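Chain and residue survey
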Amino acid sequence: MVAVPDIRKRCLIWLGRPTPREREVLAAAGWELRVVDDPASARIGLRGSDLVAGLVDLRGAAPAWRAAMHELLARHPELPLASLGDDGDGELPGERLLSLREPLDLDQVRGLQRIAEGEGAPSACGPDGDCLVGRSPALLQVRASLNKFAPVELPVLVTGETGTGKELAARALHEMSPRARGPFIAVNCGALPPSLVQAELFGHERGAFTGAAARRIGLFEAAHGGTIFLDEVGDLPLDAQTNLLRVLQEGTLERIGSHQSVRVDVRVLAATHVDLEQAVARGRFRQDLYYRLDVLRLHMPPLRERGDDVELLARHFLEAFRRQHQVRARAFDPAARRALRAHAWPGNVRELLNRVRRAAVVSEGELIPAEALQLAAAATPSATAGDGLDEVRVQAEREAILATLRESGFNVSECARRLRVSRVTVYRLCRKHQLELEALRV
Ligand SMILES: Nc1ncnc2c1ncn2[C@@H]1O[C@H](COP(=O)(O)OP(=O)(O)OP(=O)(O)O)[C@@H](O)[C@H]1O
Ligand SMILES: [Mg+2]
């Protein structure tokens, strides 16, 4: 088969003034440029077959210019938009899909092509192309925050239930930030043995403690020039919290066994599913550190609040699975789709991903039946209305964790592996649902 080149014209409507260098970059990427310097007297004509994107250049934009730009764009809600420069507090009209940075380079311009092709926010993707799929209002809100927070050099605290995509969002923040070319290091603070946390994070000198045979740099130094993602930050021991505070306040750290400060340039993102305010109240988390981390907050909504995204995600995961494995299943039958909509998803997106994969494997026909999703054990909240809903969800979560524990022979590591959560999460869920592991094992 002969590959047909994309002969559609690419047109970028630039609201503002591009620099000569920016004109060159766009021309090199094959974009025809239409400059709208004065939005008050301009009209935008869109030809159906062309790839068109708008770029709002906010550098030095005066209030009157902004107002005229808003008016013009309000008449074209279909125009996919990118922005350049500080948006201040003013929200752009329409959905902004991409924040560009200066200097504009060919890599960034590639993003314009993707939004013009209607692929949504290309930037909300992990490095392996794992994107934040979803179109629900709740997820659009997340995307809007990602666009706002990514270019800013401040810490972001990502909150949300287990499996809602906190790590994926943190990766997206890094990928969309000016630090994208630097390292991204994710640390699960809950999984590090307390005695080793300090050494892991901040490094140590030779002979600093028994077993420290050589000098080792810590994860903060390894993340220099990039981003560190402190997952389950609420589990950090208090002494490590003190050192983290220092990195945030002064940008320096000391390796264990050394009194020399090392300067590090790292953006800190943190996630938690424990309530940090409560941890502060109980004296388990430093209040000053909490304020330092909670500068910008990104809340990942639970899957049950994302409406039609459940089906969209299910199709996305099935497609991804089909690309890697030979399975017959290619869609969900109507009962399966109803079951997907009705389930409470206590394990959120991760639970959906695992159920879809399992269903794709066990289904024999082209359509996945409801039974293959094995949702029967979990409650169907749509059958219960109003006040009872939360109770049903909590019950569903309890049943899901209990079922997996049973399947894993009450082995926490195995259960964590199956649920794709950390062991700490399994322990936390057991405590929450008053499941006594010792008692259950006998
Ligand atoms: N919107 C989404 N689109 C596509 N994949 C998603 C989305 N959200 C989450 N995922 C996938 O779901 C899985 C769980 O996401 P992630 O690990 O980011 O969740 P988490 O909130 O960090 O979970 P935990 O609290 O258990 O650590 C990952 O495989 C991730 O790629
Ligand atoms: Mg995580």
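Per chain, the residues get numbers from 1 upward, laid out in the order the sequence is written. All chains are assigned letters beginning with A, and all ligands numbers beginning with 1, in the order in which they are written. Note on the predicted model: pLDDT of at least 70 is required for a residue's local features to be given, and 80 or more for side-chain atom pairs to be given and counted; whole-chain, interface and lining totals, by contrast, use all residues. Neither water nor hydrogens contribute to the side-chain values; these are computed over all heavy atoms in the structure.

**What about the sheet that holds strand 8 (residues 227-231)?**
When DSSP locates at least two bridges between a pair of strands, those strands are taken to pair. Segments assigned H or I by DSSP are reported as helices when at least four residues long, segments assigned E as strands when at least two residues long, and all are numbered from the N terminus. Spatial strand order, 7-8-11-6-12: 5 strands in an open sheet with parallel pairing. Looking at the sheet topology across the chains shown, the edges are occupied by strand 7 (184-188) and strand 12 (296-299). Across the sheet, the mean angle separating the axes of adjacent strands is 20 degrees when strand polarity is ignored. Residue contacts follow a heavy-atom distance rule, with two residues in contact if any of their heavy atoms lie within 4.5 Å. Here the axes come from fitting lines to C-alpha atoms, over the contacting stretch only for helices, and the angles between their N-to-C directions go from 0 to 180 degrees. Packing against the sheet, helix 4 (residues 137-149) makes contact with strand 6 (156-159), strand 11 (267-272) and strand 12, and its axis sits at approximately 155 degrees to strand 12.

**As for the environment of Asp 235**
Examined against the element boundaries, Asp 235 turns out to sit in the loop between strand 8 and helix 8 (238-250). Apart from the residues lying within four places of it in its own chain, the contact partners of Asp 235 are Cys 189, Gly 190 and Val 424.

**Let's talk about the packing of aromatic side chains**
Pairing of aromatic side chains here covers Phe, Tyr and the six-membered ring of Trp, requires ring centres within 6.5 Å, and sorts the geometry by plane angle: under 30 degrees stacked, over 60 edge-to-face, intermediate tilted. With the rule as written, the count across this model stands at 3 aromatic pairs. Look at Phe 184 and Phe 229: their rings are 6.4 Å apart centre to centre, the planes differ by 20 degrees, and that puts the pair in the stacked class. Residue Phe 184 is located in strand 7, and its partner Phe 229 is located in strand 8; the two are separated by 45 residues in the primary sequence. Pair check on accessibility: Phe 184 and Phe 229 agree, each one buried. Ring centres of Phe 202 and Phe 220 lie 5.5 Å apart, and the angle between their planes is 10 degrees; on these two criteria the pair is classed as stacked. Taken as a pair, Phe 202 in helix 6 (residues 197-202) and Phe 220 in helix 7 (residues 219-222) lie far apart in primary sequence, 18 residues in all. Summary of the burial criterion: residues with accessible area below 20% of their type's maximum are buried, those above 50% are exposed, and those between are partly exposed, where the area comes from a 1.4 Å probe applied to protein chains only. Phe 202 sits in the buried class, given a relative accessible area of 2%. On the accessibility criterion, Phe 220 (0% relative accessible area) is buried. Our definition puts a charge over a ring when NZ of Lys or CZ of Arg is within 6 Å of the ring centre and also within 35 degrees of the ring normal. The lysine or arginine in question, Arg 10, covers the ring of Trp 31, its NZ or CZ lying 5.9 Å from the ring centre.

**Description of the pattern of salt bridges**
Within this document, salt bridges are pairs made up of a side-chain nitrogen of Lys or Arg and a carboxyl oxygen of Asp or Glu, the two lying within 4 Å of each other. As enumerated under the stated definition, the model contains 27 salt bridges in all. We note a salt bridge from Arg 418 to Glu 407, for which the minimum N-O separation is 3.4 Å. Placement of the pair is Arg 418 in helix 15 (residues 412-419) and Glu 407 in helix 14 (residues 388-407), with a sequence separation of 11 residues. Classification of Arg 418 by relative accessible area gives partly exposed; the value is 37%. It is possible to trace a salt-bridge network through shared partners that takes in Glu 22, Asp 57, Arg 59 and Glu 102.

**Topic: the packing of helix 11 (residues 309-324) against helix 13 (residues 348-362)**
Interaxial distance between helix 11 and helix 13 falls to 9 Å at its minimum, and their mutual angle equals 50 degrees. As judged from the angle between their axes, helix 11 and helix 13 are oblique. When the axes of helix 11 and helix 13 are compared, the crossing they make is right-handed. Taking contact as the criterion, the partners of Val 310, Leu 313, Ala 314, Phe 317, Leu 318 and Phe 321 in helix 11 are, on helix 13, Val 349, Leu 352, Leu 353, Val 356, Arg 357, Ala 360 and Val 361. Ten residues, namely Ala, Val, Leu, Ile, Met, Phe, Trp, Tyr, Cys and Pro, are considered nonpolar, four, namely Asp, Glu, Lys and Arg, are considered charged, and the remaining ones, Gly among them, are considered polar. Taken together, the residues that form the contact of helix 11 with helix 13 break down as 12 nonpolar, no polar and 1 charged. Under this scheme an angle from 65 to 115 degrees is roughly perpendicular, one under 35 degrees roughly parallel, and one over 145 degrees roughly antiparallel; angles in between are oblique. Handedness of a helix crossing follows the sense of rotation of the near helix relative to the far helix, less than a right angle counterclockwise being left-handed and clockwise being right-handed.

**A word on the pairing of strand 4 (residues 81-84)**
The alternating pattern of strand 4 places Leu 81 and Ser 83 on one face and Ala 82 and Leu 84 on the opposite face, and all of these are buried. Sheet analysis places strand 3 (residues 51-57) next to strand 4, joined by 4 bridges and oriented parallel. Bridge pairing in strand 4 places Gly 54 opposite Leu 81.

**Describing the nonpolar core**
Each nonpolar core is a collection of buried residues, namely Ala, Val, Leu, Ile, Met, Phe, Trp, Tyr and Cys, held together in the definition by side-chain atoms within 4.5 Å. If you look at the biggest cluster of nonpolar residues, it comprises 32 residues, and the most contacted ones within it are Phe 220, Ile 228, Leu 230, Val 233 and Phe 285. Going through the elements one at a time, strand 7, helix 6, strand 8, helix 8, strand 11, helix 9 (276-281) and helix 10 (287-293) are the ones with two or more residues in this core. In terms of residues, this core owes the most to one element, helix 8, which gives 5 residues.

**What about the pairing of strand 3?**
Along a regular strand, successive side chains alternate from one face of the sheet to the other. Buried residues dominate strand 3, accounting for 7 of its 7 residues. Note: strand 1 (residues 10-15) against strand 3, 6 bridges, orientation parallel. Directly across from Arg 10, in strand 3, lies its bridge partner Leu 51.

**Quick notes on helix 5 (residues 166-175)**
Of all the positions in helix 5, only Lys 166, Ala 169, Ala 170, Ala 172, Leu 173 and His 174 are classed as buried. Tucked into the core, helix 5 has its buried residues touching helix 4, strand 6, strand 7, strand 8, strand 11 and strand 12.

**With respect to the confidence of the model for the chain**
Confidence scores labelled pLDDT are given residue by residue by the predictor and lie between 0 and 100. Predicted confidence across the chain gives a mean pLDDT of 84, with 87% of residues reaching 70 or more. Per-residue pLDDT, averaged within each element of the chain, yields its smallest value for strand 5 (residues 96-100) (71) and its largest for helix 10 (97). The model gives residues 1-6 a pLDDT under 50, and that stretch makes 3 contacts with residues more than four places away or in other chains. Segment residues 120-124 is flagged for pLDDT under 50; beyond a separation of four residues in sequence, or across chains, it makes 21 contacts in the model.

**Considerations on a nonpolar patch on the surface**
Patches in this entry comprise residues that are over 30% relatively accessible and not in a salt bridge; like charges within 9 Å are linked, as are nonpolar side chains (Val, Leu, Ile, Met, Phe, Trp, Tyr) within 5 Å. Here the accessible surface of atoms and residues is derived via Shrake-Rupley with a 1.4 Å probe, and residues count as covered only by protein chains that are part of the display. Nonpolar side chains collect at one region of the surface, where Val 152, Leu 154 and Val 295 lie side by side and expose about 190 Å² of accessible area between them. Within the secondary structure, Val 295 sits in the loop between helix 10 and strand 12. According to the relative accessible area criterion, Val 295 is partly exposed, its value standing at 39%.

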